[in-house]
Amino acid sequence: VKKAAKLLRQCAKWREEFGTNDILDTWPKNQSAEAILLRRFWPLGVTGRDLNGRPIHAFHLSMVDFPNLFKHVSMDLVVRHNVYLMEKAFRHDPKGQAVM
């Protein structure tokens, strides 16, 4: 239990330092060439709902040309983009039942 509590505190600290709570507002405003490239070539879509009414999120990773993409974007922005996509997916589910 102590280890789990420590990990939870570390996660909360990282989320605060990384800006996760504000990322749905801040990331779309990033108009750098790298950010635009990531948004264009690393898509996420909501494809419908499962039998329980939860949204089905599809990450089209087979469409991502990773070797070429990583020539043009930093790992920090890749992480930021993925955190944005995950937050968007979690918040898209009004019942808070996102299953990833």
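Structure: above.
Residues numbered from 1 in each chain as written. Predicted model: local features only at pLDDT ≥ 70, side-chain atom pairs only at ≥ 80, totals over all residues. Heavy atoms only, no water.

1. Re the overall build of the protein
Part 1 of the reasoning: Within the protein, the regular secondary structure consists of five helices and two strands.
Part 2 of the reasoning: In terms of overall dimensions, the protein has a C-alpha envelope of 45 × 35 × 25 Å along the principal axes.
Part 3 of the reasoning: When burial is assessed residue by residue, the protein has 23% of its 100 residues classed as buried.
Part 4 of the reasoning: Counting contacts in the protein only where the partners sit at least 6 residues apart, residues at least 24 apart contribute 62% of the total.
Part 5 of the reasoning: With the model as given, the accessible surface of the protein reaches about 7100 Å², and the carbon-plus-sulfur share is 59%.
Part 6 of the reasoning: Charged side chains in the protein number 16 positive and 10 negative. The centres of these two groups are separated by 5 Å. (Helix = DSSP H or I, 4+ residues; strand = E, 2+ residues; numbered from the N terminus. Buried < 20%, exposed > 50% of the residue type's maximum accessible area, 1.4 Å probe, protein only. Contact = heavy atoms within 4.5 Å. Areas by Shrake-Rupley, 256 points an atom, 1.4 Å probe, with all protein chains shown as cover. Lys, Arg positive; Asp, Glu negative; His and termini not counted. Charge placed at Lys NZ, Arg CZ, Asp CG, Glu CD.)

2. Remarks on the pairing of strand 1 (residues 44-49)
Part 1 of the reasoning: Here strand 1 runs beside strand 2 (residues 55-59); their pairing, made up of five bridges, is antiparallel. Paired with Arg49 across the two strands is Pro55, which belongs to strand 2.
Part 2 of the reasoning: In textbook terms, the turn of a hairpin is the stretch between consecutive antiparallel strands, and for strand 1 and strand 2 this stretch comprises five residues, one of which, Gly53, has a positive phi near 85°. (Pairing = 2+ DSSP bridges.)

3. Quick notes on a nonpolar patch on the surface
Part 1 of the reasoning: Together, Trp14, Phe70, Met75 and Val79 make up a nonpolar patch on the protein surface, roughly 360 Å² of accessible area in all.
Part 2 of the reasoning: Tracing the sequence through the fold places Phe70 in the loop between helix 4 (66-69) and helix 5 (75-92).
Part 3 of the reasoning: Taking relative accessible area as the criterion, Phe70 reaches 35% and is therefore assigned partly exposed. (Patch = residues over 30% accessible without salt bridge, like charges linked within 9 Å, V, L, I, M, F, W, Y side chains within 5 Å. Salt bridge = Lys/Arg side-chain N within 4 Å of Asp/Glu carboxyl O.)

4. Describing the packing of aromatic side chains
Part 1 of the reasoning: Counted under the stated rule, the structure contains two aromatic pairs.
Part 2 of the reasoning: When the centroid spacing of 6.0 Å and the interplanar angle of 20° are considered together, the rings of Phe66 and Phe70 count as stacked.
Part 3 of the reasoning: Overall, the relative accessible area of 27% leaves Phe66 in the partly exposed class.
Part 4 of the reasoning: Above the ring of Trp27, the side-chain terminus of Arg39 is found at 5.4 Å from the ring centroid.
Part 5 of the reasoning: Here the guanidinium or amino end of Arg80 rests over the ring plane of Phe18, the centre of that ring lying 4.0 Å away. (Phe/Tyr/Trp six-rings, centres within 6.5 Å; stacked < 30°, edge-to-face > 60°. Lys NZ or Arg CZ within 6 Å of the ring centre and 35° of its normal.)

5. Focus on the environment of Leu77
Part 1 of the reasoning: With respect to the helices and strands, Leu77 occurs in helix 5.
Part 2 of the reasoning: As a C-alpha pair, Leu77 and Trp27 span 50 residues in sequence and 9.7 Å in three-dimensional space.
Part 3 of the reasoning: The contact partners of Leu77, leaving out residues within four places of it in the chain, are Trp27, Asn30, Ser32, Glu34, Ala35 and Leu38.

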